[in-house]
Every structure is written in structure tokens, then in C-alpha cells.
Amino acid sequence: LSGFLAGGVIGLLRPISWLWQAPFSVGLALAGRAGLPVQLLRNLHPVHFDELSLLPLPGLPGTLVHACQTDLPAGADWLLEVAAHPGQAHSAHTAIRVATRRKELVHPLLFWLSTDPDGAALLQHVAATSRRVSPLIAAYADLAAVATPDNWPYVIERHRAAFTANADLPGGAALIALLTVGEHALRAERWLQVLQVLRASPPPGGVVADPIWTALAIIQGWVSAPQPMFASEQEELLATVLAELSDLDGWPADLLAAIVEQLRYLVQVEQQRGALLV
């Protein structure tokens, strides 16, 4: 009987708690737009300390989008926390869908989420459960789910139209350049084919520095250097390139590792054909 009564009391308190949590959530949304730091918003928000909050908290999706726009690492980390909340996960899902309509945020946020294990799982869940999923959400979710190097060219080809259509948005040009290099390099059968593709696809200029831009700059610097004639020297160069790209995480690191392995294989092919000396 006591357990039943306790459950009843808790059930009655939930709607009562919402009566103060809802306006407080709206107030924090306004405070965020007035300049309240993201970490303080996160610590003060009812979703942070009330795991039993089941009713939708007004303003929370917009607050999450604003947080990601203001401080992407902190905002995206908070978004993942909300996505794991038993009653407020839908606010995180809504925030992701809203973010895809923000030109300056869509690529940075989806890229950040897709390179984080929990974020990738969230994107895959949103893509699988949404009636009308954004093509970019589906594309990033699939990139994060590539299991073997052989699948890269097919996944990139499947979503090329989505990335090409959004290549002019912040972060889009560098991303499409990386995917183009990956697709052609992994389909190449000869070493010179890869070099021609890489040299014809220079990294875009005038973009904000990010991990993809850094990776493209390293690769472009490598292909612009004089190519050694000895296979051992070529192997040393590939090892150096891979080491310099070690700061990347998630699927970009996997894609670049697959490219380097393909280049190693093509070096061996050239060596067997006598184009490179031992």
C-alpha cells in the first residue's frame, strides 16, 4: 500500500513540477539569446537535474539549437545529454531537424555528431524514425555507419547529390572535396590515377580551419611534392601522412586510413610493374 501511495504522490507531483519548469525553460531560452553562457544554461535547466521530467519543456529545442550555434562543442554535448533523457529526447531530435534549416550550422553540427559514437547513434536513430528525414541527416548517419573500406565509394556515391546541393554552406566545400578524393582514390587501379585526382581537387580556399581542411591541406601538400622513385621512400611518406592525420576521429579518420591503405596497395602494384624501385 505504501508503495502505491508513493507512486501516486510522485505521479501527482510531475504535472505540478512542470508548472514551474515550463516557464523557467522559456525564461532560460530568452536568457540564452541575451548572452547567458551555454554551460550555465545547461546547469540551470530543469532537464539537467530532473530525470523524471516527462512533459515537453517549451523552448528547449530552440535553446539547444542556440547553444550549438554559440558554442558547438558544449552545445552538441548538451544535445547528447538531452537525447539520453528518458522524457525529453524528442527535444534533441527536434533540435537536430531545426538545425538542418540553419545554413551556418547544418554541416558543423552534423559533422560533430557523426564523428562522436553517441552522436552517430543519435543521427542513425533520427534517420530511421523520421517520416521525412533531411537528406543531409541520412547522409551523415550513413557515413558514420560504414563498416568496411569497400563500402566507402558506394555510400559516398549514394549521398553525393545531398552533399553537392549543400556544398556552398559553411563546411560543405571542404567536405565534398574530401569525399570526392576518397571516392576516386578507392576506385583507382593505378597510382597515377590517384595523383591526377588529388592534384585536380585542391582544397577550397577561404574556409574556416577545421579538421577536414587540415586533412586536405596535408594531402595536397603531399601530392604537390616531388614523387620519390623508391617504394621505400613512398612508404615513408604515406606513414608520415597518416601520422599527421591522427587528430581526426570517427568516420573521417576511417576514410583517410582507407585511402592511405589503398595508396600502399597501389605502390606495391607499381613496384611489381617496375615503375618504382625497391
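One can find the structure itself at the top, above this paragraph.
Bear in mind the structure is a predicted one, so any value in this text is a computation, not a measurement. Here, residues in each chain are numbered from 1, in the same order as that chain's written sequence. In view of the model being predicted, local features appear only for residues whose pLDDT reaches at least 70, and side-chain atom pairs are presented and counted only at 80 or more, with totals across whole chains, interfaces and linings using the full set of residues. Only heavy atoms go into the side-chain values, all of them from the structure, while hydrogens and water stay out.

Q: What is the right way to read the overall build of the protein from this model?
A: Where helices and strands are cited, they refer to DSSP runs of H or I of at least four residues and of E of at least two residues respectively, numbered from the N terminus. In terms of helices and strands, the protein carries 16 helices and zero strands. The classification of residues rests on relative accessible area computed with a 1.4 Å probe and restricted to protein chains. Under 20% of the type maximum is buried, over 50% is exposed, and intermediate values are partly exposed. In the protein, which comprises 278 residues, the share counted as buried stands at 45%. A contact between two residues is defined here by any heavy atoms of the two lying within 4.5 Å. Excluding contacts between residues fewer than 6 apart, the proportion of contacts in the protein whose partners are at least 24 apart in sequence is 66%. A 1.4 Å probe and the Shrake-Rupley method give the accessible areas. Residues count as covered only by the protein chains that appear here. About 13,900 Å² of surface is accessible on the protein, with carbon and sulfur atoms providing 61% of the total.

Q: I would appreciate a short explanation of the nonpolar core in the present structure.
A: Put simply, a nonpolar core is a bunch of buried Ala, Val, Leu, Ile, Met, Phe, Trp, Tyr and Cys residues held in one set by side-chain atoms that sit within 4.5 Å of each other. With 66 residues, the main nonpolar core has Trp 78, Ile 96, Tyr 140, Trp 152, Phe 163 and Trp 251 as its most contacted residues. The dominant element in this core, judged by the number of residues it contributes, is helix H16 (residues 250-273), at eight residues.

Q: Just to check I follow, could you spell out a nonpolar patch on the surface for this structure?
A: Each patch is assembled from residues with relative accessible area greater than 30% and no salt bridge, linking like charges that lie within 9 Å and nonpolar side chains (Val, Leu, Ile, Met, Phe, Trp, Tyr) that lie within 5 Å. Every case where a carboxyl oxygen of Asp or Glu lies within 4 Å of a side-chain nitrogen of Lys or Arg is listed as a salt bridge. Together, Trp 20, Phe 24, Leu 40, Leu 44 and Phe 49 line one region of the surface with nonpolar side chains, adding up to about 460 Å² of accessible area. For the nonpolar patch, the secondary-structure elements that each account for two or more residues are helix H1 (2-33) and helix H2 (38-44). Mapped onto the fold, Leu 40 is located in helix H2.

Q: What am I meant to see in helix H6 (residues 89-99) here?
A: Within an α-helix, residues lying three or four positions from one another point in the same direction, as the helix has 3.6 residues per turn. Of all the residues in H6, the buried ones are Ala 89, Ser 91, Ala 92, His 93, Ala 95, Ile 96 and Ala 99. Those residues of H6 hidden inside the fold are in contact with helix H4 (60-70), helix H5 (72-83), helix H7 (106-114), helix H8 (117-129) and helix H9 (135-144).

Q: What's the story with the packing of helix H12 (residues 172-187) against H16 in this structure? I'm lost.
A: When two helices pack together, their arrangement is given by the angle between the helix axes and the distance between those axes. At a closest axis distance of 9 Å, the pairing of H12 and H16 adopts a crossing angle of 35°. Handedness of the crossing formed by H12 with H16: left-handed. Here Leu 175, Leu 178, Leu 179, Val 181, Gly 182, Ala 185 and Leu 186 of H12 come into contact with H16, specifically with Trp 251, Leu 255, Leu 256, Ala 258, Ile 259 and Gln 262. In this classification, Asp, Glu, Lys and Arg are treated as charged, Ala, Val, Leu, Ile, Met, Phe, Trp, Tyr, Cys and Pro as nonpolar, and every other residue, Gly included, as polar. In terms of residue class, the contact of H12 with H16 is built from eleven nonpolar, two polar and no charged. Between the N-to-C directions of two axes lies an angle of 0 to 180 degrees, each axis being a line fitted to C-alpha atoms and, for a helix, fitted only over the stretch in contact. Crossing handedness is read from the near helix: turned anticlockwise from the far helix by less than a right angle, it gives a left-handed crossing, and turned clockwise, a right-handed one.

Q: Is there a simple way to explain H4 in this structure?
A: For H4, the buried fraction is high: eight of the eleven residues fall into the buried class. Here H4 has its buried residues at Leu 60, Pro 61, Thr 63, Leu 64, Val 65, His 66, Ala 67 and Cys 68.

Q: I keep staring at the pattern of salt bridges and nothing clicks. Help me out?
A: Two side chains that carry opposite charge are able to pair once their charged atoms sit near each other. All told, the structure shown has six salt bridges when counted by the stated rule. With a closest N to O distance of 3.2 Å, Asp 142 and Arg 158 form a salt bridge. Pair noted here: Asp 142 is in helix H9 and Arg 158 is in helix H10 (residues 152-158), with a separation of 16 residues, a long-range link. With a shortest N-O distance of 2.5 Å, Arg 160 and Glu 183 are connected by a salt bridge.

Q: How do you make sense of the packing of aromatic side chains when you look at a structure like this?
A: In this description, an aromatic ring pair is defined by two values, namely the gap between the centres and the angle between the planes. Only the six-membered ring of Trp is used, alongside the rings of Phe and Tyr, when aromatic pairs are assigned; centres must lie within 6.5 Å, and planes under 30 degrees apart are stacked while those over 60 apart are edge-to-face, with the rest tilted. This model, assessed by the stated rule, comprises three aromatic pairs. With centroids separated by 5.4 Å and ring planes inclined at 75°, the aromatic side chains of Tyr 140 and Phe 163 adopt a geometry described as edge-to-face. With Tyr 140 in helix H9 and Phe 163 in helix H11 (residues 160-165), the pair connects residues that are 23 residues apart, well separated along the chain. The buried category is assigned to Phe 163, whose relative accessible area is 3%. Centroid distance Trp 152 to Trp 251: 6.2 Å. Interplanar angle 45°. Geometry classified as tilted. Residue Trp 152 is located in helix H10, and its partner Trp 251 is located in helix H16; the two are separated by 99 residues in the primary sequence. The class of Trp 152 is buried, set by a relative accessible area of 2%. Taken together, the ring pairs connect Phe 111, Trp 152 and Trp 251 into an aromatic cluster.

Q: Any chance you could explain the environment of Lys 103 here in plain terms?
A: In this fold, Lys 103 is placed in the loop between H6 and H7. Linking Lys 103 and Asn 166, residues 63 residues apart in sequence, is a C-alpha distance of 8.8 Å.

Q: Sorry if this is basic, but what is going on with the environment of Asp 249 here?
A: As for its position among the elements, Asp 249 is in the loop between helix H15 (231-244) and H16. In this structure Asp 249 comes out as exposed when scored by relative accessible area, which is 51%.

Q: Sorry, what's going on with the environment of Trp 20 here?
A: Within the secondary structure layout, Trp 20 lies in helix H1. With 26 residues separating them in the primary sequence, Trp 20 and Pro 46 have C-alpha atoms 9.5 Å apart. Leaving out residues up to four positions away in the same chain, Trp 20 has contacts with Pro 46 and Phe 49.

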